[in-house]
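Chains, contacts and geometry: an overview
Each chain is listed here by its residues.
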2 protein chains.
Amino acid sequence: MPRRTQTERTDRTTAALVAAARELFGRDGYAATGIDAVAAAGGVTKGAAYHHFQNKAALFRAVFVHEQRRISARLEQAAAAEPDSWSALLRGCLTFLEHCLDPTFRQVVLLDGPAVLGWETVREIEREHTLRVLTAGIGAAIADGRMAGGDPLVRAQLMFGALCEAGMLLARAGDPAGALPAVAAEAARLLGSVAAEPPENRPGGPPGSG
Amino acid sequence: MPRRTQTERTDRTTAALVAAARELFGRDGYAATGIDAVAAAGGVTKGAAYHHFQNKAALFRAVFVHEQRRISARLEQAAAAEPDSWSALLRGCLTFLEHCLDPTFRQVVLLDGPAVLGWETVREIEREHTLRVLTAGIGAAIADGRMAGGDPLVRAQLMFGALCEAGMLLARAGDPAGALPAVAAEAARLLGSVAAEPPENRPGGPPGSG
DNA sequence: TCGGTTACATACTCTCGGTATGGAAGTGAG
DNA sequence: CTCACTTCCATACCGAGAGTATGTAACCGA
């Protein structure tokens, strides 16, 4: 065992714990997963877990934030590859739906998150990640005149709720990959309805108008 | 103690348990509420609770179904008072948002429900209550040509997700009653975007076009 | 009235979140 | 290097609460 610095020890242990927690929380759910099991999967014991995390919910919160970082990074990357604000928005929604095919994401973020952390905390975290990206996209679309005016954050939040439902719906479908276009089309319709009117033939303009 | 029939005993006890569970689950959340506390609040003991319900989740499920019946009945009543399918739909959405001001409803149905019962079970129950009413409303609007064609159930589910978010958003606002119109307007925009196009000046037609 | 079933209370077990304590690993000053 | 000090982590323990076993009282059907 080579000599390790304290921060290295802490980083390794917490990383192992979060990784193990992500695995178990994501597979079995928060309630059905014990701290002992997480610690064992991470190669340590309960003592280590409670040294680095105040309680079970705090460990879960770390996993939740981890998931938020993953999805928001993926969304930003997908949106950045698009030529204009509107297609970036559509692309982001599609990417979100695809991401919902990950069972761990669904269990941790969509199912357990609100119940364990509370709605307030969940949205506070999401406002710095997923919701931030979505709000920026909607704000850009509004600024470009591609979408009707309004509060971007409120609109993002409603859209986010619809997307979460769509993602769950998709994931439970018999053939998720096959069902994606249909569900995505319905989601795009929702976006299209708040598109700027009149729906002229703007280049790259909102769909659903023809 | 007058002589009671068995079904009467059962009905009274289960009703008392469900009422107490609704109170405590709604106030403190599922995880923070013990079976003993529920039983005591219902005037019985744990033995009675486990005699009538297989486990804690089954008791919660009864509360969840109870809430579903309440909201769906209220929605149907509100929609029935409207003259046409489109205004009935709008009225229903507004009524749903108002209903979200009830903390018990939010805690049981929106926060704990999915985590405790699982998404599958929750949506299965809702398909027979809230989602059924919403789907019928959307189906009627489509049939009346007030809304673009599509799968009513899928559209209802997305709309439902957006409404749940809107309801939480509303409830956490400083002045919920005051914020209701703004949030409701944004929700109506979402509906308006899937409205039938072209948006001619149909009598009682969809808003958001002016 | 009486055997059998249902409704409920009491007493118990056992899992699991959280704490207390002891020791090993790292740190910083002299 | 060394030695007091802090940080990291393991082991042993505690208490709360979900679920069970068992006993008893209330109902039911004959």
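Thresholds applied
- Residues numbered from 1 in each chain as written.
- Chains lettered and ligands numbered in written order.
- Predicted model: local features only at pLDDT ≥ 70, side-chain atom pairs only at ≥ 80, totals over all residues.
- Heavy atoms only, no water.
- Near = heavy atom within 4 Å.
- Polar contact = N/O pair within 3.5 Å; in protein donor to acceptor, adjacent residues only side chain to side chain.
- Helix = DSSP H or I, 4+ residues; strand = E, 2+ residues; numbered from the N terminus.
- Nonpolar A, V, L, I, M, F, W, Y, C, P; charged D, E, K, R; others polar.
- Phe/Tyr/Trp six-rings, centres within 6.5 Å; stacked < 30°, edge-to-face > 60°.
- Buried < 20%, exposed > 50% of the residue type's maximum accessible area, 1.4 Å probe, protein only.
- Contact = heavy atoms within 4.5 Å.
- Buried area = accessible area lost by both parts, 1.4 Å probe.
- Salt bridge = Lys/Arg side-chain N within 4 Å of Asp/Glu carboxyl O.
- UniProt positions renumbered as here; feature names shortened; annotations may be inferred.

Going by what an unreviewed UniProt entry lists, chain A is known as TetR family transcriptional regulator and is assigned to Sphaerisporangium rufum.

So, about the protein's contact with DNA strand D. Near DNA strand D lie 21 residues; those nearest to it are A:T10, A:T13, A:H52, B:T5 and B:K46. Each atom of DNA strand D within 4 Å of the protein was assigned to sugar, phosphate or base; sugar and phosphate come to 77%. With respect to DNA strand D, the side chain of A:Q6 contributes an N or O atom lying 3.4 Å from a sugar or linking oxygen. Within the side chain of A:T13, a nitrogen or oxygen atom sits 2.4 Å from a phosphate oxygen of DNA strand D. For the surface near DNA strand D, the elements supplying multiple residues, two or more each, are helix 1 (6-28) and helix 3 (46-52) of chain A together with helix 1 (6-28) and helix 3 (46-52) of chain B. Counted by class, the surface near DNA strand D contains four nonpolar, 12 polar and five charged residues.

Around DNA strand C, the structure places 22 residues, and the nearest of them are A:T5, A:K46, B:T10, B:T13 and B:H52. In DNA strand C, the atoms that sit within 4 Å of the protein are 76% sugar and phosphate, with bases accounting for the remainder. The separation between a phosphate oxygen of DNA strand C and a polar main-chain atom of A:R4 is 3.0 Å. Here a sugar or linking oxygen of DNA strand C sits 3.4 Å away from a polar atom, N or O, in the side chain of B:R9. Of all the elements in the fold, those that place two or more residues in the surface near DNA strand C are helix 1 and helix 3 of chain A together with helix 1 and helix 3 of chain B. Residue classes in the surface near DNA strand C are distributed as four nonpolar, 12 polar and six charged.

Residue and element names in this part refer to chain B. All chains considered together, the criterion is met by 10 aromatic pairs over all chains. Arranged with centres 5.7 Å apart and planes meeting at 65°, the rings of F96 and F160 form a pair that is edge-to-face. Pair noted here: F96 is in helix 5 (residues 85-99) and F160 is in helix 9 (residues 152-172), with a separation of 64 residues, a long-range link. The buried category is assigned to F160, whose relative accessible area is 3%.

Each side of the interface is counted separately: chain A has 30 residues, and chain B has 30 residues. For the chain A face of the interface with chain B, the top three residues by lost area are A:W119, A:L158 and A:E165, together amounting to 23%. The interface formed by chain A and chain B includes six salt bridges. For B:R172, the salt bridge identified is with A:E120, shortest N-O distance 2.6 Å. At 12 residues, the largest contribution of residues to the side of chain A that touches chain B is made by helix 9 (residues 152-172) of chain A. Partitioned by chemical class, the residues of the side of chain A that touches chain B number 15 nonpolar, six polar and nine charged.

We now examine the UniProt feature "domain: HTH tetR-type" (unreviewed entry) in chain A. When the UniProt feature table is mapped onto this chain numbering, "domain: HTH tetR-type" (unreviewed entry) sits at residues 11-71 of chain A. Helix makes up 79% of residues 11-71 of chain A and strand makes up 0%, while its end C-alpha atoms are separated by 22 Å.

Further remarks concern the environment of A:A162. Tracing the sequence through the fold places A:A162 in helix 9. Counting along the chain gives 25 residues from A:A162 to A:A187, while the straight-line C-alpha distance between them is 7.5 Å. Apart from residues no more than four positions distant in its own chain, A:A162 is found in contact with A:L190, B:L158, B:G161 and B:A162.

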